[in-house]
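# A look at the structure
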Amino acid sequence: MLYAIISEDVANSLAKRKEARADHLARLNSLYEAGRLVIAGPHPAIDSNEPAEAGFTGSLVVAEFDSLEQAQTWADADPYISAGVYAKVSVKPFKRVLP
């Protein structure tokens with residue numbers, strides 16, 4: 001089943017994001033290579049694909065896991081959590097309708 005992992009950043013998270021980004025992306029690439037990643041990316045803090053120093057307010061990952069528990073366990077191990085980037089992470093079942 002698909003699950004949406006919706007994360008909210010702490011204030012002024014950009015420096016922390018930059019520190020942990022390589023490890024964060026490596027985990028996402030593993031999901032992608034396994035054919036389980038639908039979409040992933042950050043929420044810019046301003047209306048721009050390149051927010052520069054404005055940074056980001058959170059992230060969205062939609063991926064396939066065997067259970068909600070497995071998705072939650074995966075989300076809880078994100079390097080952005082241990083780096084202090086995320087203030088809150090929600091994991092919810094997701095039903096893809098389109099496309």
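Check the entry above for the structure.
The present account deals with the structure reproduced in this document.

So, how was this worked out
Position numbers for residues start from 1 in each chain and track the written sequence from start to end. In keeping with the predicted nature of the model, local features appear solely for residues at pLDDT of at least 70, side-chain atom pairs appear and are counted solely at 80 or more, and the whole-chain, interface and lining totals rest on all residues. Only hydrogens and water are set aside; all other atoms, that is, all heavy atoms of the structure, feed into the side-chain values. Two strands make a pair as long as DSSP finds a minimum of two bridges between them. Secondary structure elements are taken from DSSP: a helix is a run of H or I of four residues or more, a strand is a run of E of two residues or more, and numbering for both begins at the N terminus. Residue burial is assigned from relative accessible area. The probe radius is 1.4 Å, only protein chains are included, and a residue is buried under 20% of its type maximum, exposed over 50%, and partly exposed in between. In this description, one arc is meant: the one made by directions from the helix axis to the C-beta atoms. Any two residues whose heavy atoms approach within 4.5 Å are treated as being in contact.

In this section: the pairing of strand S3 (residues 56-64). Note that strand S1 (residues 2-9) and S3 share 7 bridges and pair antiparallel. Among the inter-strand pairings, Ile6 is bridged to a residue of S3, identified as Leu60. As paired elements, strand S2 (residues 37-44) and S3 share 7 bridges and run antiparallel to each other. The residue bridging Leu37 from the neighbouring strand is Ala63, located in S3.

Buried within helix H2 (residues 68-76) are the following residues: Ala71, Trp74 and Ala75. Taken end-on, H2 shows its buried residues confined to a sector of 100°, consistent with a single buried face. Every exposed residue of H2 that faces more than 90 degrees away from the buried side is listed here: Glu69 and Thr73. Residues of H2 that are buried sit in contact with S1, helix H1 (14-33), helix H3 (79-82) and strand S4 (86-94).

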